[in-house]
Amino acid sequence: MSTDSEDQQSGGGSTPTVAEVVAGWNVPEGAPVALRIRDSILEAIAQGYDDPQLVADLAVGPLVVAVGRLETELAEARRRIAALEQVIEGRGDGA
């Protein structure tokens, strides 16, 4: 049977801090909203708000807003694509 300390040692090092975990989120450079959310969370952690549950709470609100924006933008893009497809189909019938 292994102890907790043996498990940590065999895992390759110490447990990362909350800030290290958040900083390690692999957010693409071209995702400004996601980068802003991550940076805001890192700022909150730097100010002492480093409880993992609080960090999760700080992330959820902005993520819900971002997903909502993506949904509405995707719906608008689908409407525009459908309209363009109708125009293209209309040109094919008349030619």
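Small disclaimer: the values here were computed from a predicted structure and weren't measured.

About the criteria used
Residues numbered from 1 in each chain as written. Predicted model: local features only at pLDDT ≥ 70, side-chain atom pairs only at ≥ 80, totals over all residues. Heavy atoms only, no water. pLDDT = per-residue confidence, 0-100. Contact = heavy atoms within 4.5 Å. Helix = DSSP H or I, 4+ residues; strand = E, 2+ residues; numbered from the N terminus. Expected span 1.5 Å × (residues − 1). Buried < 20%, exposed > 50% of the residue type's maximum accessible area, 1.4 Å probe, protein only. Salt bridge = Lys/Arg side-chain N within 4 Å of Asp/Glu carboxyl O.

### Digging into the confidence of the model for the protein chain
- Of all residues in the protein chain, 84% attain a pLDDT of 70 or more, and the chain-wide mean is 86.
- Long-range and interchain partners of residues 1-9, a stretch whose pLDDT sits below 50, account for four contacts in this model, where long-range means more than four residues apart.

### Topic: the environment of Trp25
- One can find Trp25 in the loop between helix H2 (18-23) and helix H3 (32-46).
- Sequence spacing of Trp25 and Leu35 is 10 residues, and the spatial spacing of their C-alpha atoms is 9.5 Å.

### Some words on H3
- The end-to-end C-alpha distance of H3, which contains 15 residues, comes to 21 Å, matching closely the 21 Å that a straight helix rising 1.5 Å per residue would cover.
- Turning to H3, its buried residues are Leu35, Ile37, Arg38, Ile41, Ala44 and Ile45.
- Gly48 lies just past H3 and shows a positive phi near 105°.

### Quick notes on the pattern of salt bridges
- For the coordinates displayed, the defined rule picks out two salt bridges.
- A salt bridge links Arg38 to Asp39, with the shortest nitrogen-to-oxygen separation between them at 3.8 Å.
- Note that Arg79 and Glu76 form a salt bridge whose closest N and O atoms lie 3.1 Å from each other. Remark: Glu76 and Arg79 occur in helix H4 (residues 52-94); sequence separation between them is three residues, near one turn of the helix.
- On the accessibility criterion, Arg79 (51% relative accessible area) is exposed.

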